[in-house]
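Analysis of the macromolecular model
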Protein chains: 2
Amino acid sequence: MKLTMTRRSVVASGAAGAAWAALGGGAARAASQAVQVEQWGLFETALTAPGAPEPFRTAVTGVFTQGETTVRAPGFYDGGDVYRIRFSPPTPGAWRWRVESDLKALNGQEGRFEAIAPSSGNHGPVAVQDDYHFAYADGAPFRQIGTTSYGWTHQPEARRRQTLETLAASPFNKLRMLVFPNATIATNEALSPYEKTGPGPRDWDFTRFNPAYFQRLDACVAALCDLGIQADVILFHPYDETFGFEEMAAEADDHYVRYVVARLAAYRNVWWSLANEFDLLKTKTDSDFDRLFQLVQSQDPYGRLRSIHNWRRLYDHGKPWVTHASIQNGSAVLDDVRAETYRSVWRKPVIFDEICYEGSLEDRWGDLTGPEMVRGFWHGLIGGTYVGHSECLPRHKGDGFWLGEGGELRGKSAPRLAFLRSIMEAGPTPGVEPIDKWWEQHLGGVAGQYYLRYFGDAAPTEWALDLPRDEITGGERFRVDVIDTWNMTIEALPGEFVMAAKETKYFFHDPARPTVALPGRPWMAVRVTRLA
Amino acid sequence: MKLTMTRRSVVASGAAGAAWAALGGGAARAASQAVQVEQWGLFETALTAPGAPEPFRTAVTGVFTQGETTVRAPGFYDGGDVYRIRFSPPTPGAWRWRVESDLKALNGQEGRFEAIAPSSGNHGPVAVQDDYHFAYADGAPFRQIGTTSYGWTHQPEARRRQTLETLAASPFNKLRMLVFPNATIATNEALSPYEKTGPGPRDWDFTRFNPAYFQRLDACVAALCDLGIQADVILFHPYDETFGFEEMAAEADDHYVRYVVARLAAYRNVWWSLANEFDLLKTKTDSDFDRLFQLVQSQDPYGRLRSIHNWRRLYDHGKPWVTHASIQNGSAVLDDVRAETYRSVWRKPVIFDEICYEGSLEDRWGDLTGPEMVRGFWHGLIGGTYVGHSECLPRHKGDGFWLGEGGELRGKSAPRLAFLRSIMEAGPTPGVEPIDKWWEQHLGGVAGQYYLRYFGDAAPTEWALDLPRDEITGGERFRVDVIDTWNMTIEALPGEFVMAAKETKYFFHDPARPTVALPGRPWMAVRVTRLA
């Protein structure tokens, strides 16, 4: 699946004003001028009011109404005399808006716009579907194939553009990225999120954001949206030894969260990740994160997906404000049963956002081979979960790489993940379920209809095609494909397999064809699909 | 470890009046007569009041005070004109008590007693220790080696006595058991929990308990206490096709729970299991169990351990009223990493109370070999969790077996679990932690001090003794034992292993002795213990 990128200029410009256009958006330059905006697109209005003493603390809210429906969208100060309110219409039709503000010049401004049908690439935001999976608002399944580039938005324009070109040609449909700069990675663009108060690296005024920093972020999120890629926006991280953004007081944390949510929530491709490796953030407790989760939930009018990513200790993903589990644990996808475990405990979707990275580092978190990276995705899939990729492949010592800076992909896994994505897209909707779980079947799919079996680094020469009895009564006919997940081939076996009960009560098989021949190579899979 | 049984007569008598004596208890026959009761023992007072119209609904509470401390212990009607209040003193010294009741004859009765030092076998109740483990109130570790006999209390006296004799000679220190009869198992003793209202199997008066049924239960719990065995009392179960106890209305459920808690909470060896295979109880929702959990919590003055056991779907063990996870999942202990997974997600102790059973059944849940049963315990231990045993070994078709009825143990696993218990008791306190988790070390213990490595059905001829760097800096000296977990032998290797950094930054080893020789048999383990 190739995604064409139509608006590189968005990122190059760094201007928020252009960002909404990429999203099927429109703007009302004057309050009375009605425009057309796609459903799930981005409506934006810029309002001017000079001279507020603390503009970042000015309350500005857009109240959007359509019939009985009212949505309150927080606005934000964007520098100069400009305040902006962004809104993503959840339904088509006429919308009216009116500003509530403690600034007299803003309060009571109003207007209207028309939400029109979404264009072909606009499926709406992604939400949880059937407990464990994801789907777009228009019902299309979202088959998560994630990647991570923590600091790509902090890189120079040419590198950002290269990152987007790489993504456009990649299988990835979700990108994890930091808001705050990562001190362990060079921040090559001289923008800071706050106004400085002195020459020291930690001399910040936490009450005054730098709009240019966030305008660049807006543009990056918009560009990802244009590519059909979800932006998994990481609000806090523990890699800040330089700037001190992890040591802000609770009031500053809250102010920051409100500001980012007000700017970004209207982009339909935004997901919120409260933190990366939250348990390394020694300056915050679990109850701080409880509070921040609930703040995001209260400020985001759309209920975008919310998660938090761990190092060694897991946050309680059973808490109601967590929409899905975002997990770092490479060992969890060394088999499909381990992957499944997490799913059952929370009854929520699980994304193994970090399973170590394909790379050449001496660090064990960055030394996976390509096959090992791909294996994790297959195990995750069979276990009914989703997985994330990244790469640590510097060309030479000291060189940058995808995980930190974006740029180009140099590894061997990405093409195989594109192949995997094609398998997923041809498979059941909304996704794969573990079949006869906890009985070592290693089968994912839909009982009675569709089965995937993946053999990892084993190199079997045959597989006994025994189907667990769930949804099978005998007489069902199946076709079988032998899949080479590394060489990216699919061999359809001739004929069909007709199910009959085995002597053991737990299984069915075809007595005339009890086994499937396999080539004795690693990284093989078998797909069993019901015939009509 | 052998446990001698001193009071078989308790169970034989079936009389509640004798039960407390086995617990280091005492009774005040008249309100003014002070007696001595061990700390954590069982104080009981019998109160007489004739003619209450609905005695099972009579409110009776014992208010026990010592200095600033007040404990409200619910009482219960026990047939005839008799009401009882039981209390387990959490601290030594003088206690006063006074009855609150809506029966005039009971209200205001009072007395006192002296809680004296516990005797040698009385370590107090078991509680959670260090997040993942258990300890007695006196600080002694509780190394859980569980078993299950669902219907042992419903069997004839001779069988109950045999069960207790078997347990006394076994390694088991926790027994899972049903309160209500299991209709799929013969209930050979003609006692029912409720008064009958007609000849049909479901003709019950759910407002009138049968005291004799619960007196027998009291005596069984007391006899287990005397043996040092925790009684994991299962309040609801889904195996009742005959009697209809799983279909009671919420009000009857609550009445029943209050009654059982009032009778049993004062026994220091009681644990509450809200249900067995709760997700098969189609007559109750998760919120019903939320309510019942909170009811137990509110009625039990001692905060005894609380859990709930699953079939395919897990209850959210993260909820605050769950003290530990009670899990059915045999596949979870097929490696130690899977076992660990559950522990990390809830940060609570995990007991795999059902991992399939050693047995000869055609059903796959009852066909484990002895080695498979024992393997699950070892994996659970290395993963920082605990495991439960049972047996389905009928002598012939139609014969009963331990899981259902108790009686005798016929399998091969129990002696090996006794051996395992001896290993645990010689190991770290309160228990084994996974070491360098999620990195495939398969090591449990205490970093820097103690390591266990278990090889399962692999039959290695050597093991590279590489210790992860946590708490190791070089120069540490260790002794090594090679353990045959099946043949129950421990071979101490001569000399010592002195740690030095390996070329990889993650491990230390002894360059002069980098490997340990192993015999090429399955079921081996290695123990590495720090020398002073």
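From a predicted model like this one, the values you see are computed outputs, not experimental measurements.

**Structural notes on the overall build of chain A**
Across its full length, chain A carries 10 helices and 34 strands. Here chain A has a C-alpha radius of gyration of 25 Å; the compact-globule value for 532 residues is 24 Å, and the two agree. If you take every contact in chain A between residues at least 6 apart in sequence, the share linking residues at least 24 apart comes to 70%. Per element, the accessible surface of chain A, about 19000 Å² overall, is 50% carbon and sulfur. Considering chain A, the positive charge centre built from 56 side chains and the negative charge centre built from 66 side chains are found 2 Å apart.

**Description of the packing of helix 5 (residues 250–264) of chain A against helix 6 (residues 286–299) of chain A**
Residues and elements named next belong to chain A. Where helix 5 meets helix 6, the axes come as close as 10 Å, and the angle between the chain directions of the two elements is 30°. Classified by the angle their axes make, helix 5 and helix 6 are roughly parallel. Where helix 5 crosses over helix 6, the two elements pack in a sense that is right-handed. From helix 5, Ala250, Asp253, Asp254, Val257, Arg258 and Val261 reach across to helix 6, where they touch Arg291, Leu292, Leu295, Val296 and Gln299. Grouping the amino acids of the contact of helix 5 with helix 6 by side-chain chemistry returns six nonpolar, one polar and four charged.

**Focus: the packing of helix 8 (residues 370–382) of chain B against helix 10 (residues 413–425) of chain B**
Residues and elements named next belong to chain B. Running from N to C, helix 8 and helix 10 point in directions that differ by 20°, and their axes come no closer than 9 Å. Relative to helix 10, helix 8 is oriented roughly parallel. Judged by the twist between their axes, the crossing of helix 8 over helix 10 is right-handed. Across the interface between the two elements, Gly370, Met373, Val374, Phe377, Trp378 and Leu381 of helix 8 pack against Ser413, Arg416, Leu417, Leu420, Ile423 and Met424 of helix 10. Classifying every residue of the contact of helix 8 with helix 10 gives nine nonpolar, two polar and one charged.

**Observations regarding the relation of the copies chain B and chain A**
Under the fitted operation, chain B is carried onto chain A by 0.0 Å of movement along the axis and a turn of 180°, and the coordinates agree to an RMSD of 0.0 Å. On the angle and the small slide along the axis, the relation comes out as a two-fold axis. Minimal C-alpha distance to the rotation axis in chain B is attained by Arg338(B), lying at 2.8 Å. A high fraction, 100%, of the interface residues of chain B reappear at the interface in chain A, so the copies pair face to face through one surface.

**Looking at the environment of Trp378(B)**
Secondary-structure assignment places Trp378(B) in helix 8. Once residues within four sequence positions are removed from consideration, Trp378(B) is found in contact with Leu420(B), Ile423(B), Leu452(B), Tyr454(B), Thr485(B) and Ala525(B).

**A look at the environment of Gln299(B)**
All names here are of chain B. Structurally, Gln299 can be placed in helix 6 (residues 286–299). With 42 residues separating them in the primary sequence, Gln299 and Val257 have C-alpha atoms 8.9 Å apart. In this structure Gln299 touches Pro74, Arg258 and Val261, once residues within four positions along its chain are discounted.

**Considering the interface of chain B and chain A**
Note: interface size is frequently given as the accessible area lost on complex formation between the parts. Between chain B and chain A, the contact holds 37 residues from the first and 37 residues from the second. In terms of surface lost to chain A, no three residues of chain B exceed Arg312(B), Arg364(B) and Trp438(B), which account for 24% of the buried area on that side. Where chain B touches chain A, the interface holds 14 salt bridges. The shortest N-O distance in the salt bridge between Arg338(A) and Asp335(B) comes to 3.0 Å. Our count for the chain B to chain A interface comes out at 18 residue pairs in polar contact (both at pLDDT 80 or more). For the side of chain B that touches chain A, the element with the highest residue contribution is helix 7 (residues 336–346) of chain B, accounting for seven residues.

**Topic: the domain arrangement of chain A**
All names here are of chain A. According to the domain assignment, chain A contains domain 1 (25–116), domain 2 (126–425) and domain 3 (447–530). The gap between the C-alpha centroids of domain 2 and domain 3 is 36 Å. On the side of domain 3, 15 residues touch domain 2, which itself brings 13 residues to the contact. Across the domain 2/domain 3 interface, buried area totals approximately 1300 Å², and carbon plus sulfur atoms make up 77% of it. Area buried by domain 2 at its contact with domain 3 is led by Trp378, Arg416 and Phe419, which between them contribute 43% of it.

**A look at the packing of aromatic side chains**
This model, assessed by the stated rule, comprises 88 aromatic pairs over all chains. Consider the rings of Phe56(A) and Tyr259(A), whose centres lie 5.6 Å apart with planes at 75°: the pair is edge-to-face. Pair noted here: Phe56(A) is in the loop between strand 3 (43–48) and strand 4 (60–66) and Tyr259(A) is in helix 5, with a separation of 203 residues, a long-range link. Neither residue differs from the other here; Phe56(A) and Tyr259(A) are each classed as buried. When the ring of Phe87(B) is compared with that of Phe113(B), the centres are 6.1 Å apart and the planes differ by 70°; the resulting orientation is edge-to-face. Highlighted residues: Phe87(B) in strand 6 (residues 82–87) and Phe113(B) in strand 8 (residues 110–116), separated in sequence by 26 residues.

**Focus on helix 5 of chain A**
Residues and elements named next belong to chain A. Taking 1.5 Å of rise per residue, the 15 residues of helix 5 would be expected to cover 21 Å, and the 21 Å separating its terminal C-alpha atoms lies within 8% of that figure. The element helix 5 is largely enclosed, with a buried count of 11 among its 15 residues. For helix 5, the full list of buried residues reads Ala252, Asp253, His255, Tyr256, Val257, Tyr259, Val260, Val261, Ala262, Arg263 and Leu264.

**Here's the deal with the UniProt feature "domain: DUF5060" (unreviewed entry) in chain A**
Here the UniProt feature "domain: DUF5060" (unreviewed entry) sits at residues 36–102 of chain A. Secondary structure content for residues 36–102 of chain A is 0% helix and 60% strand, and the end C-alpha separation is 29 Å.

**Some thoughts on the pattern of salt bridges**
Residues and elements named next belong to chain A. Taken as a whole and assessed by the stated rule, the structure comprises 85 salt bridges over all chains. In this structure, the salt-bridge partner of Arg263 is Asp218, at a minimum N-O distance of 2.7 Å. A residue pair is termed long-range when its members are at least 10 positions apart, and Arg263 in helix 5 and Asp218 in helix 4 (residues 211–226) qualify at 45 residues. Grouping residues by exposure puts Arg263 and Asp218 together as buried.

**Overview of the sheet that holds strand 31 (residues 500–501) of chain A**
All names here are of chain A. One open sheet accounts for three strands, arranged 27-32-31; its pairing is antiparallel. The open sheet is flanked by strand 27 (467–468) and strand 31, the only strands paired with a single partner. Relative to strand 32 (residues 507–509), strand 31 runs antiparallel, the two being bridged by two bridges. Note that in strand 32 the partner of Ala501 across the bridge is Phe508.

About the criteria used
Residues numbered from 1 in each chain as written. Chains lettered and ligands numbered in written order. Predicted model: local features only at pLDDT ≥ 70, side-chain atom pairs only at ≥ 80, totals over all residues. Heavy atoms only, no water. Helix = DSSP H or I, 4+ residues; strand = E, 2+ residues; numbered from the N terminus. Rg over C-alpha atoms; globule rule 2.2 N^0.38 Å. Contact = heavy atoms within 4.5 Å. Areas by Shrake-Rupley, 256 points an atom, 1.4 Å probe, with all protein chains shown as cover. Lys, Arg positive; Asp, Glu negative; His and termini not counted. Charge placed at Lys NZ, Arg CZ, Asp CG, Glu CD. Axes fitted to C-alpha atoms, helices over the stretch in contact; angles between N-to-C directions. Parallel < 35°, antiparallel > 145°, perpendicular 65-115°, else oblique. Left-handed = near helix turned anticlockwise from the far one by under 90°. Nonpolar A, V, L, I, M, F, W, Y, C, P; charged D, E, K, R; others polar. Least-squares fit on C-alpha atoms with pLDDT ≥ 70 in both. Buried area = accessible area lost by both parts, 1.4 Å probe. Salt bridge = Lys/Arg side-chain N within 4 Å of Asp/Glu carboxyl O. Polar contact = N/O pair within 3.5 Å; in protein donor to acceptor, adjacent residues only side chain to side chain. Domains from an automatic or database assignment. Phe/Tyr/Trp six-rings, centres within 6.5 Å; stacked < 30°, edge-to-face > 60°. Buried < 20%, exposed > 50% of the residue type's maximum accessible area, 1.4 Å probe, protein only. Expected span 1.5 Å × (residues − 1). UniProt positions renumbered as here; feature names shortened; annotations may be inferred. Pairing = 2+ DSSP bridges.

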